[in-house]
Amino acid sequence: MQANNGVDIKSMIRTIPDYPNPGIMFRDITTLLADPVGLRASIDGLVWPFLSAGIHHVVGVEARGFILGGAVAHELGRGFVPIRKKGKLPWTTIGLEYSLEYGVDMIEMHADAIEPGQSCAVIDDLIATGGTAAATAELVEMQRGRVACLAFVIELTALDGARRIGGRPLESLIRY
């Protein structure tokens, strides 16, 4: 998957060394989001795999997945389903606890957000170890929805997040 028009979005991502811990190279997409050409190229690239996929919803993961996923949903003319941290959604929810490299977390979605058989595109800014992505896909599938693809701006290949999502289709615009 590529961003449109040959735009080098990788050059628009700021790398912050030793953040949040020594040895970590943090990939900060706020500079990409602030650049109108970079933002447009990223959204276009994320939309591309879903143009003819017949999806019903775009599922966005808190918080940058809301920015990207909302724009993708708008471009596709589809609804947006937010995935949030525990306790942030106002209606009846379903949740899933999952392991992180530093502990355990929980994400939730509204229990009535996805109907059985509906196809969903999962969008987020980055896949690292794949924990949040896998948990998001499992939430969709708990509602008997189908994950058409998980799409990211950045994939950190050394952390092998693709393995953790269990063979579900994965697309990324750039890889580190």
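Since the model is a prediction, treat every value here as computed from it, not as a measurement.

Trainee: Tell me what's going on with the nonpolar core, and back it up with residues and numbers.
Mentor: If you look at the biggest cluster of nonpolar residues, it comprises 27 residues, and the most contacted ones within it are Leu-46, Phe-50, Leu-68, Val-72, Ile-123 and Val-153. At the level of secondary structure, the elements contributing two or more residues to this core comprise helix H1 (30–34), helix H2 (36–47), helix H3 (64–76), strand E7 (119–127), strand E8 (146–155) and strand E9 (170–175). The biggest single contributor to this core is E8, with five residues. Once you skip the residues sitting within four places of it in the chain, Leu-68 turns out to touch Ile-29, Leu-33, Ile-43, Leu-46, Ile-123, Asp-124, Asp-125 and Val-153.

Trainee: Talk me through the pattern of salt bridges; I want residue IDs and the actual numbers.
Mentor: By the definition in use, this model includes nine salt bridges. Asp-125 is the salt-bridge partner of Arg-64, the closest N and O atoms lying 2.6 Å from each other. A residue pair is termed long-range when its members are at least 10 positions apart, and Arg-64 in helix H3 and Asp-125 in strand E7 qualify at 61 residues. Arg-64 gets classed as partly exposed once you look at its relative accessible area, which sits at 38%. Given a relative accessible area of 7%, Asp-125 falls into the buried group. When salt bridges with common partners are traced through the structure, they connect Arg-40, Asp-44 and Glu-75 into a single cluster.

Trainee: Tell me about the side chain of Asp-28, residues and numbers included.
Mentor: Note on placement: Asp-28 falls in strand E2 (residues 25–28). A distance of 2.8 Å separates a polar atom in the side chain of Asp-28 from a polar atom in the side chain of Thr-30. Apart from residues lying up to four places away in sequence, Asp-28 is in contact with Ile-13, Arg-14 and Ile-16.

Trainee: So what about the environment of Glu-108? Which residues, and what values?
Mentor: Its place among the elements puts Glu-108 in strand E6 (residues 103–110). Overall, the relative accessible area of 9% leaves Glu-108 in the buried class. Residues Glu-108 and Lys-88, 20 residues apart in the sequence, show an inter-C-alpha distance of 8.3 Å. In this structure, Glu-108 is in contact with Pro-82, Ile-83, Arg-84, Lys-85, Lys-86, Gly-87, Lys-88, Leu-89, Thr-93, Ile-94, Gly-95 and Leu-139, ignoring residues within four places of it in sequence. One polar contact links the side chain of Glu-108 to the main-chain amide nitrogen of Gly-87, over a distance of 3.0 Å.

The rules we used
- Residues numbered from 1 in each chain as written.
- Predicted model: local features only at pLDDT ≥ 70, side-chain atom pairs only at ≥ 80, totals over all residues.
- Heavy atoms only, no water.
- Core = buried A, V, L, I, M, F, W, Y, C linked by side-chain atoms within 4.5 Å.
- Buried < 20%, exposed > 50% of the residue type's maximum accessible area, 1.4 Å probe, protein only.
- Helix = DSSP H or I, 4+ residues; strand = E, 2+ residues; numbered from the N terminus.
- Contact = heavy atoms within 4.5 Å.
- Salt bridge = Lys/Arg side-chain N within 4 Å of Asp/Glu carboxyl O.
- Polar contact = N/O pair within 3.5 Å; in protein donor to acceptor, adjacent residues only side chain to side chain.

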